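Next come the chains, spelled out residue by residue.
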Amino acid sequence: IAKEMHVGHLRSTIIGEAVCRILEYTGSNVERINHVGDWGTQFGMLIQYLKEEYPDFQGDVPNITDLTVFYKNAKQRFDDSPEFKKIAQLNVVKLQSGDEECRKIWQVLCDVSRMEFEKVYKRLDITVTECGESFYNDKIAPVIDEFNARGMVSVEEGGAKCVFVPKFKIPLMLQKSDGGYGYDSTDMAAMKYRLDKLKASQIVYITDFTQGDHFQMVFAAAKKIGWVTDDSHRLDHIGFGTVQGEDGKRFKTRSGDTVRLVDLLDEAVARMEASLRERYTEGKANISDEEIHATASAMGYGAVKYFDLRRNPTSNYIFSYDRMLDTKGNTAIYLLYAHARLESIVTKGKANFAIDVDALIKDGKSKIVLAHKSERNLGLHLQIFADSIEETLDDLLPYHICDFVYALSIASSEFVTQCHVLGSPEMESRLLLCRATAITMRQCFNLLGIRHVMRI
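Residues numbered from 1 in each chain as written. Predicted model: local features only at pLDDT ≥ 70, side-chain atom pairs only at ≥ 80, totals over all residues. Heavy atoms only, no water.

### A few points about helix α1 (residues 10-25)
Count 3.6 residues to each turn of an α-helix, and residues three or four apart come out pointing the same way. Note the cut-off: Secondary structure elements are defined from DSSP: runs of H or I of at least 4 residues count as helices, runs of E of at least 2 residues count as strands, and each element is numbered from the N terminus. Multiply 1.5 Å by the residue count of a helix minus one, and that product is the helix's expected span. Only protein chains enter the accessibility calculation, which uses a 1.4 Å probe; a residue is then buried when its area is under 20% of its type maximum, exposed when over 50%, and partly exposed in between.
The end-to-end C-alpha separation of α1 is 23 Å, in line with the 22 Å expected for 16 residues at 1.5 Å each. Taking burial as the measure, the 16 residues of α1 include 13 buried ones, the bulk of the element. In the stretch just after α1, G27 is the one whose phi turns positive, near 100°.

### What about the pairing of strand β7 (residues 234-240)?
Note the cut-off: Two strands qualify as a pair provided that DSSP identifies no fewer than 2 bridges between them. Here is how to tell: hold the view so the strands point away, follow the path from the first strand over the helix to the second, and if it runs clockwise the crossover is right-handed.
Across the seven residues of β7, six count as buried, placing the element largely inside the fold. Pairing analysis gives seven bridges linking strand β6 (residues 202-208) to β7, with the strands arranged parallel. Paired with Q202 across the strands is R234, a residue of β7. Since β6 and β7 lie parallel, the crossover through helix α8 (residues 212-224) that links them has a hand, and here it is right-handed.

### Focus on the pattern of salt bridges
Selection rule: Every case where a carboxyl oxygen of Asp or Glu lies within 4 Å of a side-chain nitrogen of Lys or Arg is listed as a salt bridge.
Under the definition given, this model contains 32 salt bridges. Of the charged contacts, one joins D79 and K75 as a salt bridge, the two residues approaching to 3.0 Å between their closest N and O atoms. One end of the pair is D79 and the other is K75, both in helix α3 (residues 67-80) and four residues apart, which spans about a single turn. Salt-bridge contacts for D138 lead to K139; the nearest nitrogen and oxygen are separated by 3.1 Å. Residue classification places D138 among the exposed residues on the basis of a relative accessible area of 58%. Residue K139 is classed as partly exposed on the basis of its relative accessible area, which comes to 23%. Three or more residues are tied together by salt bridges with common partners; here these are E17, R21, E24 and R32.

### Quick look at unusual backbone geometry
The phi dihedral of D125 falls on the positive side, at around 55°, and the residue is not glycine. Note that D125 resides in the loop between α5 (100-124) and β2 (129-130). On the accessibility criterion, D125 (28% relative accessible area) is partly exposed. The phi dihedral of K199 is positive, around 55°, even though this residue is not glycine. With respect to the helices and strands, K199 occurs in the loop between α7 (183-196) and β6.

See below:
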């Protein structure tokens, strides 16, 4: 909160959406919780800066259009002025104790942030329910009391209340020596709430991989106090690596600034749109001029998502527009073209040969005959779909589905290259095989959060 979404937020957003879709598809009731940092020490600084810059903020709500600049300016004041820093630190205490003015400013900052988040979520078809750190603030003390009552709290030097768990030398700190709460406190309270109130049987945390040990400690503490057992609940942490530039360092703009997620997504669409307009001008496109932007949006956003999802999330990767928008190789663009090619064949079957695949399916009398080796190969690949879902449920890593749909698209390409479909004696069977493959590809796209296109 109080920062615009940047490239560092890309992976949790994309991976989280895909994992939710996969779990929902297999019958789970999923709560898509966005655990935002809306309750930290940075708010003391931001509250004070807003009070100074917009003294009439209550009567005239400020239009903070650039959160990044606002945050940078506040941080500059915080670093440069000891007096400002002292007041900012007092603001944190006032906010957490319910001071009315601080709460109002905090609400303004949260609302502005949400409007910026929504721009990204809308582009990427992301559905989340925000439930930030502030929600759990009043739930922390009872959790500390529960651990204390069980004799599990160790009061360390300075008065910090800690819980030691097996296999870790450093404890979880439920309460700091100054009486404040940190990540450990909030995450234990959140765990308790999700288990007791939401009745969760499985909880999946998706963050950068550096937080892996922290969550293993949280899981261990929950087991230690008896909230969960290995038989009663499943707790997962999916840790992801860093998005890097060509230099192998964190992906940034040429000026060294963090890349805004909105700008990154818009650039992918702009490049895809330029490519489609070129095809359209050359007479190679099967879409109208009016359809170019919507098609470019689906393909551009899909390319960004797939480029991330097709690899094991723990690995770092180098961000490259050229590679993710390539029409060849393991990219969303290649897959979307392969899918559109299948649907184009089906469309021509109806237009030129009066064979309506939808009518054939409804009638239920036509059969798919797998005689040619490429037909058999494609049929076998279609059978693997259920196995790829089972494999994904084991570790919740969406790259299994990417592997499957890529292999399926290669098999389909071999099929339509080696087997004559339109006008052949086997046309009905082969058109049905085209449609079955396209349906399966669309299901994979949907699980990965990628919009399909019927024509390109």
